[in-house]
Amino acid sequence: CVRIFPLIIVLFVLYGCGMLGPASLKDGRNRYNQVVAYTGNEQMLFNLVKLRYRDNPTFLQVSSISTNLQWGANASAQVPIGSSVYSAGNLVPFGAGFNYLESPTVTYTPLTGEAFVRQMLTPIPLQTLILLFQAGWPVDTVFRLVVQEVNDLENASPASGPTPEREPVFLKFLEVATIFRDLQKRRVIEWGVSDKTGEGVMFIHPYLSTTEHDNVVKLKSLLKLKKPHTDIEKYEVGYGVCFTKSNRLNMVTRSMTDILFYIAQAVEVPPAHMEKKLVTTTHGPDGKVFNWGTLHKNQIRLRWSETRPDDAYISVEYRDYWFYIEDSDLDSKSTFLLLQILGDLQAGTTPSAGPVLTLPVAR
């Protein structure tokens, strides 16, 4: 028995070491994945709040995560020698010990440099919009976030920079976006890319109900479109300023920087900060304070609280207040997700020119 028990301990230790690798992958991958995703959301929200206050946003990208796993074990036994009087009844005490150490190392890459700035200032390609439409993203969500102007209809162009002092123009554009969404749900409008020109194409199905027909007429009136003399009702979709032709949609898209400023206007500001004039106050033609929630209604709402909110999807602390997205606010969460996707598409293709920061978390 004295010889067999240490052998059992050794076998158990060897078995534990063999299981360490798969177990660490199973548990560690999900934990790191969740933390990276959550901190990425925190960084985005934090930068939106900073832009509302005209503070400089900064982006750090987690470029790599490595971890060193150490597993150790020991076993001991005390064998009695001599008379049983001195060995406590001939009992042979055994001892065993185990230890586990994880030392992660995280590498951050600052997103800076000329290439990154140029990419952030480059308008979102129209092909990206059409891909989002074809993937099932709501047209109004994409339009309101990305499109700044279509056929002379403005979508709050001044909001694509620091908070303006005068109320922007956007009501007719919102009406167009709402009609587009309704027709999308009814599968009346389809989007594609022309094989010949590479530009976008919008198709309108010929067989419509009374409601659908009325919405199409209203849409074409707002966009100054006329039905082409072809069997298939289709319209060109291209990048361009102002209205040019009755069979074409001219769009001006926002850059990623424009989009960040645009969404930053949705940050609700505590009255104390308004009184201190820490942010710009926007006024309407009548002199009254403009509510940016009118522009971002049913799109996104970034709230504030004096204490850390319990019902937040994501929250950050800034200037002694908490700013957050409510977990049950699905419109805000969808828009925030689209914002992250577009940010990855634009910024993720550009290597950073800045230094790499590597942090050994533990030893």
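Everything discussed here concerns the structure shown above.
Residues numbered from 1 in each chain as written. Predicted model: local features only at pLDDT ≥ 70, side-chain atom pairs only at ≥ 80, totals over all residues. Heavy atoms only, no water.

Quick notes on the overall build of the protein
Okay, so step 1: Across its full length, the protein holds nine helices and 12 strands.
Okay, so step 2: With 363 residues in all, the protein has 41% of them scored as buried.
Okay, so step 3: Counting only contacts in the protein whose residues sit at least 6 apart along the sequence, the fraction spanning at least 24 positions is 69%.
Okay, so step 4: With the model as given, the accessible surface of the protein reaches about 20600 Å², and the carbon-plus-sulfur share is 56%. (Helix = DSSP H or I, 4+ residues; strand = E, 2+ residues; numbered from the N terminus. Buried < 20%, exposed > 50% of the residue type's maximum accessible area, 1.4 Å probe, protein only. Contact = heavy atoms within 4.5 Å. Areas by Shrake-Rupley, 256 points an atom, 1.4 Å probe, with all protein chains shown as cover.)

Focus: the packing of aromatic side chains
Okay, so step 1: Applying the stated criterion across every chain, the model contains 12 aromatic pairs.
Okay, so step 2: Here phenylalanine 133 and tryptophan 191 contribute two aromatic rings whose centre-to-centre distance is 4.8 Å and whose plane-to-plane angle is 45°, an arrangement assigned as tilted. A residue pair is termed long-range when its members are at least 10 positions apart, and phenylalanine 133 in helix H3 (residues 126-134) and tryptophan 191 in strand E5 (residues 189-193) qualify at 58 residues. You'll find phenylalanine 133 and tryptophan 191 in the same group, each marked buried.
Okay, so step 3: For the pair tryptophan 304 and tyrosine 321, a centre-to-centre distance of 5.6 Å together with 85° between the ring planes defines the contact as edge-to-face. Taken as a pair, tryptophan 304 in strand E9 (residues 303-305) and tyrosine 321 in strand E11 (residues 321-326) lie far apart in primary sequence, 17 residues in all.
Okay, so step 4: Among the aromatic residues, those joined into a ring-pair cluster are Phe133, Phe143, Phe173, Phe180 and Trp191.
Okay, so step 5: If you follow arginine 254 out to its NZ or CZ, it ends over the ring of tyrosine 262, 4.0 Å from the centre. (Phe/Tyr/Trp six-rings, centres within 6.5 Å; stacked < 30°, edge-to-face > 60°. Lys NZ or Arg CZ within 6 Å of the ring centre and 35° of its normal.)

A word on the sheet that holds strand E4 (residues 153-154)
Okay, so step 1: Strand order in the open sheet formed by six strands is E4-E3-E8-E7-E6-E5, and the pairing between neighbours is mixed. The open sheet has two free edges, formed respectively by E4 and E5, since each of these has just one partner strand.
Okay, so step 2: Bridging between strand E6 (residues 200-204) and strand E7 (residues 233-239) involves five bridges; their strand directions are antiparallel. Within the sheet, the bridge partner assigned to isoleucine 204 lies in E7 and is glutamate 233.
Okay, so step 3: Set on the sheet, helix H4 (residues 139-146) makes contact with strand E3 (147-150), E5 and strand E8 (248-253); between it and E3 the angle comes to about 95°. (Pairing = 2+ DSSP bridges. Axes fitted to C-alpha atoms, helices over the stretch in contact; angles between N-to-C directions.)

What about the pairing of E5?
Okay, so step 1: Where E5 meets E6, five bridges bridge the pair, whose relative direction is antiparallel. Its bridge partner lying in E6, valine 193 is registered against glycine 200.
Okay, so step 2: Here E5 folds back onto E6, and the loop between the two strands holds six residues, one of which, glycine 198, carries a positive phi near 80°.

Some remarks on the side chain of asparagine 47
Okay, so step 1: Looking at the secondary structure, you find asparagine 47 in helix H1 (residues 4-52).
Okay, so step 2: Of note is the side chain of asparagine 47, whose polar atom sits 2.8 Å from the backbone oxygen of threonine 58.
Okay, so step 3: Ignoring anything within four residues of it in the chain, the contact list for asparagine 47 reads Pro57, Thr58 and Phe59. (Polar contact = N/O pair within 3.5 Å; in protein donor to acceptor, adjacent residues only side chain to side chain.)

A short note on the packing of H3 against H4
Helix-helix packing is described using two parameters, namely the angle between the two axes and the distance between the axes.
Okay, so step 1: Where H3 contacts H4, the axes come no closer than 9 Å and their chain directions differ by 160°. In this view, H3 runs roughly antiparallel relative to H4, as classed from their interaxial angle. Read as a crossing pair, H3 and H4 show a hand that is right-handed. Packed against H3, whose contacting residues are Leu129, Leu132 and Phe133, the element H4 presents Val139, Val142, Phe143 and Val146 at the interface. (Parallel < 35°, antiparallel > 145°, perpendicular 65-115°, else oblique. Left-handed = near helix turned anticlockwise from the far one by under 90°.)

Things to note about the packing of H4 against helix H5 (residues 171-185)
Okay, so step 1: Two elements in contact, H4 and H5, have axes whose closest approach is 8 Å; the angle formed by their N-to-C orientations is 150°. Between H4 and H5, the interaxial angle falls into the category roughly antiparallel. The two elements H4 and H5 cross, and the hand of that crossing is right-handed. Note on element contacts: H5 touches H4 through Phe173, Leu174, Ala177, Phe180, Arg181 and Gln184, opposite Val139, Asp140, Phe143 and Arg144.

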